[in-house]
Amino acid sequence: MLLVNEQGLWLLLVGLVALGVSDAWLSANEQIIPQCAESTDHRLVAQVLTASRKSLSTNANSLKDEEGSSIFVWSLELEVLANSERLTGSEEAQPAAEQRCQLQPGQRLLVRWRRTEAVSVGAQVEVILRLRRPWGASNPHGFNFERWLVTSGYSATGYVRTGRVREGQSKMPLRARWVSKVDGLLAAKGLVHHGTLMALVTGDGGAVPAQTWERYRRTGAIHLLVVSGLHVSVLALLLYGLISYPVRLVTVVQHRMFAPLIGAGLVCLCAMVLAWFTGLGSPVMRVALMLLGLWLLQLLPRRASIWRIWLLAALTSALLLPLQVFHSGFWLSYGAVAVLLAFFGPRSPSSGTVAAVVQAQAALWLGLTPLVVLLLSESSLLVVPANLLTVPIMTLVTVPTLFLGVGIGMLQMFAPQMESIAALCTLLLGVADFSLELIDVLLNALISALPPQSSSIGFNNVPTVLVALLGGLMLLLPLAAYFRVGAVCAWLPLLISVESTVPPGEFCVRVVDVGQGSAAVVDTAGYRMLVDTGPRFGNRDVGRSNILPMLRSTGPHDLNLLLLSHTDVDHAGGLDFFRRYFERIPEIGPHNCEHGMSWQKDGVSFTTLQARGLTTDNDLSCTLLIETTEQVAYLSGDISARAEERLLVHLPANVSLLLAPHHGSKTSSSMPFVRHVSPRFVVYSAGRSNRYGHPHRHVVRRFVWERSQQFNTAVNGAIQWCSHRPGRVVTNRP
């Protein structure tokens, strides 16, 4: 009877979590601004919840205004304080009448603001901004930025056109005040890794340089870059040692047995405070809840297994913050603990600390790699050596000295007369800063040991990953030898690169969703070509984030040719990345494009076409004609109507697939060109709500007259068409 009741309680808790997650998801979607609120200006008053300065490029992080002052790009999280005023056309226009198109109090916005002065957390701002609904590129195995925005509670994204900070209206929240004090303390010390140290203390990675993120990502050590569960566990042990011993001294003899319990309770309280201070992230919440569960069990006569505490912590965390379940960090955090419990639980302790650490890293690699691939698409091959080298430094040196230094610095702020401890604070923070420099040196050495193309695995299909996940779990358990052989066979396919599925004599064109730009992968049975490399937005390289996942998930991890239609940044933004990623890749560009040059691969004919005699870069685009015996595709670059006229004689009629010239610009896709090529399918590679108005309505109408089926990456995401299935187009977004 007791077992039935206990099972019923677990089922009830799971049901409550499911209801909570469903309700939170629906509520988050209801907070999204309506479509009528897009593409117009809004005047509103909001409070700044978070503020971080972003760099514009790898070489500069500011512009200059007319007076020579630096203009920085600030990424702001705003909370609307009052109903917005929707402007119909300009700042002086009368507010629109539609109540539903106004922003409502409580909605959260993620915006960018270019300004010279700093923006502080808690400040009230009066701004005019342009918004759009949560949206992101949609590619196979790519990061789902749209879902991340929704599950993070954002109603819209956008940018500030004009605005000001209200004087005397700032009311900084308690957490923000403490974060500001920590930031001021670290800034005053002139530390090299100020942004990374802030991330380790506060959990806010906004100030971490993009190069640091990339370094830790490539080595699989990115879990160390913000407050992790491992950091909190180390701090808990350190704090328990600092608290329990004094408590034993002041406790009378007959009650000294309660000293460990009191110390553990104080540690749980501190863990809860740290979880609040760091923004209630999944790893910190997990450690805090598991510590609390262990402490509460000490008060009860009945003992529970560690697995029940783990499950209770996971369900409680999901119940308190239901949208966490849509973030990969939630599953990786609790998954890592489950792997360690499954491996060490049935086994006796190892003979030494070093052996235990090595076993733990091996177990995490076997058990967690399939989950990482399932959630993040790829996993670094450097993760084991990177963690073996950096985890001891981070946990035994960086984190303890950093938190001790911050604690002493805070104590000095409230007791300025204690000048004698200032040198100790500086020393501790200097040691933490130096340890991060040492970690950077070690990670750079690991990165240089393997070329980028060979440093990670992943991008497998879901069934393969699920089978590998089952195999990894079997390898963790003390099973018979023949079970382990089967588990190894189930796990090993993760190491195998994706193979081409294109039959001989056929080809596929895969247009990548890169926003306002262009990139397409062309595949035959044994030949891969990349046509254009997409745009570049500041430090974000879509070659890495958008194009590479498409390449690796649809065929061999290799490129035979890179064809650049022209050198504008919306087509060549990722060129440097692919030159670094693939060694000695052949290139064809507008400057070495030979008109009429033709070659064959796997029974498919490729021909480059260029309108000679014209002067603009767009008209000199190196375009590509792809032909089989029955199907034709034409990738037209950014040619205008003048180039179309010159190339028309070289183009076959009634092509199967056309990548629309110049993203569907009104200066391209002239009526004679459209009538001649008369494509069955036409694809526009354009950004959503782009300022150029691509594709232009006149161009869309011309293709409608030809009864062409039209697709737009801004609406449909990545678009794939194959010649052996000529009537089928696969889109990544329904």
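To start, this report covers the structure provided alongside it. Not measured: the values here are computed from a predicted model.

What to know about the overall build of the protein
Of regular secondary structure, the protein possesses 22 helices and 25 strands. Expected size for 734 residues packed as a compact globule is a radius of gyration near 27 Å; at 29 Å, the protein falls within 12% of this value. Overall, the C-alpha framework of the protein stretches about 100 × 75 × 55 Å when taken along its three principal axes. Within the protein, buried positions represent 49% of all 734 residues. The long-range share in the protein, meaning contacts at least 24 apart out of those at least 6 apart in sequence, stands at 71%. With an accessible surface of roughly 34200 Å², the protein has 61% of that area assigned to carbon and sulfur atoms. For the protein, the distance from the average position of its 58 positive side-chain charges to the average position of its 48 negative side-chain charges is 7 Å.

Some points on the pattern of salt bridges
Pairs can form between side chains of opposite charge whenever their charged atoms are close. Counted according to the given criterion, the structure contains 21 salt bridges. Two residues, E378 and R217, come together in a salt bridge whose shortest N-O distance is 3.3 Å. With a gap of 161 residues between them, E378 in strand β8 (residues 378-380) and R217 in helix α5 (residues 210-218) connect regions that are remote in the sequence. Using a relative accessible area of 14% as the deciding quantity, one classes E378 as buried. For D619, the salt bridge goes to R642, with nearest N and O atoms at 2.9 Å. Of this pair, D619 sits in the loop between β18 (604-609) and β19 (623-627) while R642 is found in helix α19 (residues 641-647), placing the two residues 23 residues apart along the sequence.

A few points about the sheet that holds β19
The strand order β17-β18-β19-β20-β21-β22-β23 describes an open sheet built from seven strands, whose pairing is mixed. Each edge of the open sheet is held by one strand with a lone partner, namely β17 (598-601) and β23 (709-712). When the angles between neighbouring strand axes are averaged without regard to direction, this sheet yields 15 degrees. Bridge count between strand β20 (residues 632-635) and strand β21 (residues 657-659): three bridges; the pairing is parallel. The residue of β21 that forms the bridge with A633 is L657. Strands β21, β22 (681-684) and β23 of the sheet are contacted by helix α21 (residues 697-705), whose axis makes an angle of about 165 degrees with β22.

Topic: the pairing of strand β24 (residues 719-722)
Burial of the side chains of β24 extends over both faces: I719 and W721 are buried on one face and Q720 and C722 on the other. Here strand β10 (residues 508-511) pairs with β24 via four bridges, running antiparallel. Among the inter-strand pairings, V509 is bridged to a residue of β24, identified as W721. In this sheet, strand β25 (residues 729-731) lies alongside β24 in antiparallel orientation, the contact comprising three bridges. Along β25, the bridge assignment pairs Q720 with V730. The hairpin formed by β24 and β25 contains six residues between the paired strands.

Quick word on the nonpolar core
Within the largest apolar cluster, 61 residues are counted, with the highest numbers of intra-cluster contacts made by L186, Y216 and L402. Discounting residues that sit within four places of it in the chain, L402 has contacts with L186, L197, L200, V201, L429 and A432. If you look at the next biggest cluster of nonpolar residues, it comprises 28 residues, including Y527, F606, A633 and L657.

Thoughts on the side chain of N460
Along the polypeptide, N460 turns up in the loop between β9 (456-458) and α14 (462-476). Looking at N460, its side chain comes within polar contact range of the main-chain oxygen of I496, at 3.5 Å.

Considerations on the packing of aromatic side chains
Summed over all chains, the structure comprises 19 aromatic pairs. Ring centres of W148 and Y154 lie 6.0 Å apart, and the angle between their planes is 40 degrees; on these two criteria the pair is classed as tilted. Classification of Y154 as buried rests on a relative accessible area of 8%. If you follow R115 out to its NZ or CZ, it ends over the ring of W113, 4.6 Å from the centre. Across from the ring centre of W135, 4.0 Å away, lies the NZ or CZ of R733, which sits over that ring.

Comments concerning the state of the cysteines
What makes a disulfide is a covalent bond joining the sulfur atoms belonging to two cysteines. Considering all chains together, one arrives at three disulfides under this definition. At a sulfur-sulfur separation of 1.9 Å, the disulfide partner of C36 is C101. The disulfide joining C36 to C101 has a torsion of about -115 degrees about its S-S bond and is therefore left-handed. Here C101 lies in the loop between β4 (85-87) and β5 (108-115) and C36 lies in the loop between α1 (2-30) and β1 (41-54), a separation of 65 residues in the sequence. Between the sulfur of C508 and that of C722 lies a disulfide, 2.0 Å long from S to S. Every disulfide takes its handedness from the sign of the S-S torsion; for C508 and C722 that torsion is 110 degrees, giving right-handed. One end of the pair, C508, is in strand β10; the other, C722, is in strand β24, with 214 residues separating them in the sequence.

Some words on the packing of α14 against helix α15 (residues 481-491)
Where α14 contacts α15, the two axes come as close as 7 Å, and the packing angle between them is 145 degrees. Read as a crossing pair, α14 and α15 show a hand that is left-handed. Along the contact surface, α14 presents V467, A468, G471, G472, M474 and L475, while α15 presents F483, R484, A487, V488, A490 and W491. Its residues assigned to classes, the contact of α14 with α15 shows nine nonpolar, two polar and one charged.

Comments concerning α21
Within the span of α21, buried status applies to V699, R702 and F703. One side of α21 holds all its buried residues, which, seen down the axis, span an arc of 95 degrees. Looking at α21, the residues exposed on the side facing more than 90 degrees away from the buried face are R697 and W705. Contacts made by the buried residues of α21 are with β21, α20 (671-677), β22 and β23.

A closer look at a nonpolar patch on the surface
A cluster of nonpolar side chains, namely L174, W178, I262, L266, L269, V273, W276, L280, M413 and F414, defines an oily patch on the protein surface of about 910 Å² accessible area. Listing elements by their share of the nonpolar patch, those giving two or more residues are α3 (174-188), α7 (259-277) and α12 (383-414). The biggest single contributor to the nonpolar patch is α7, with five residues. If you trace the backbone, W178 turns up in helix α3. The exposure class of W178 is partly exposed, given its relative accessible area of 32%.

A closer look at the sheet that holds strand β12 (residues 528-531)
Pairing is mixed in the open sheet, where seven strands are placed in the order β16-β15-β12-β11-β10-β24-β25. Lying at the two open borders of the sheet, with one neighbouring strand each, are β16 (587-588) and β25. The strands that helix α16 (residues 542-554) touches are β10, β11 (520-523), β12 and β24; relative to β12, the one it contacts most, it runs at about 160 degrees.

Digging into the pairing of β5
Covered by surrounding structure in β5 are L109, V111, W113 and R115 only, the residues R108, L110, R112 and R114 on the alternate face being uncovered. Bridging between β5 and strand β7 (residues 154-165) involves five bridges; their strand directions are parallel. Bridge assignment links V111 to a residue of β7, and that residue is G158.

Brief notes about the side chain of N716
Following the sequence through the fold, N716 ends up in helix α22 (residues 713-716). Beyond its immediate sequence surroundings of up to four residues, N716 is in contact with F711, T731, N732 and R733.

Description of the environment of S670
Structurally, the position occupied by S670 is in the loop between β21 and α20. Separated by 29 residues in sequence, S670 and A641 place their C-alpha atoms 5.6 Å apart. If near-sequence neighbours (up to four positions away) are discounted, S670 is found in contact with A641, E644 and R702.

The rules we used
Residues numbered from 1 in each chain as written. Predicted model: local features only at pLDDT ≥ 70, side-chain atom pairs only at ≥ 80, totals over all residues. Heavy atoms only, no water. Helix = DSSP H or I, 4+ residues; strand = E, 2+ residues; numbered from the N terminus. Rg over C-alpha atoms; globule rule 2.2 N^0.38 Å. Buried < 20%, exposed > 50% of the residue type's maximum accessible area, 1.4 Å probe, protein only. Contact = heavy atoms within 4.5 Å. Areas by Shrake-Rupley, 256 points an atom, 1.4 Å probe, with all protein chains shown as cover. Lys, Arg positive; Asp, Glu negative; His and termini not counted. Charge placed at Lys NZ, Arg CZ, Asp CG, Glu CD. Salt bridge = Lys/Arg side-chain N within 4 Å of Asp/Glu carboxyl O. Pairing = 2+ DSSP bridges. Axes fitted to C-alpha atoms, helices over the stretch in contact; angles between N-to-C directions. Core = buried A, V, L, I, M, F, W, Y, C linked by side-chain atoms within 4.5 Å. Polar contact = N/O pair within 3.5 Å; in protein donor to acceptor, adjacent residues only side chain to side chain. Phe/Tyr/Trp six-rings, centres within 6.5 Å; stacked < 30°, edge-to-face > 60°. Lys NZ or Arg CZ within 6 Å of the ring centre and 35° of its normal. Disulfide = S-S within 2.5 Å. Left-handed = near helix turned anticlockwise from the far one by under 90°. Nonpolar A, V, L, I, M, F, W, Y, C, P; charged D, E, K, R; others polar. Arc of directions from axis to C-beta. Patch = residues over 30% accessible without salt bridge, like charges linked within 9 Å, V, L, I, M, F, W, Y side chains within 5 Å.

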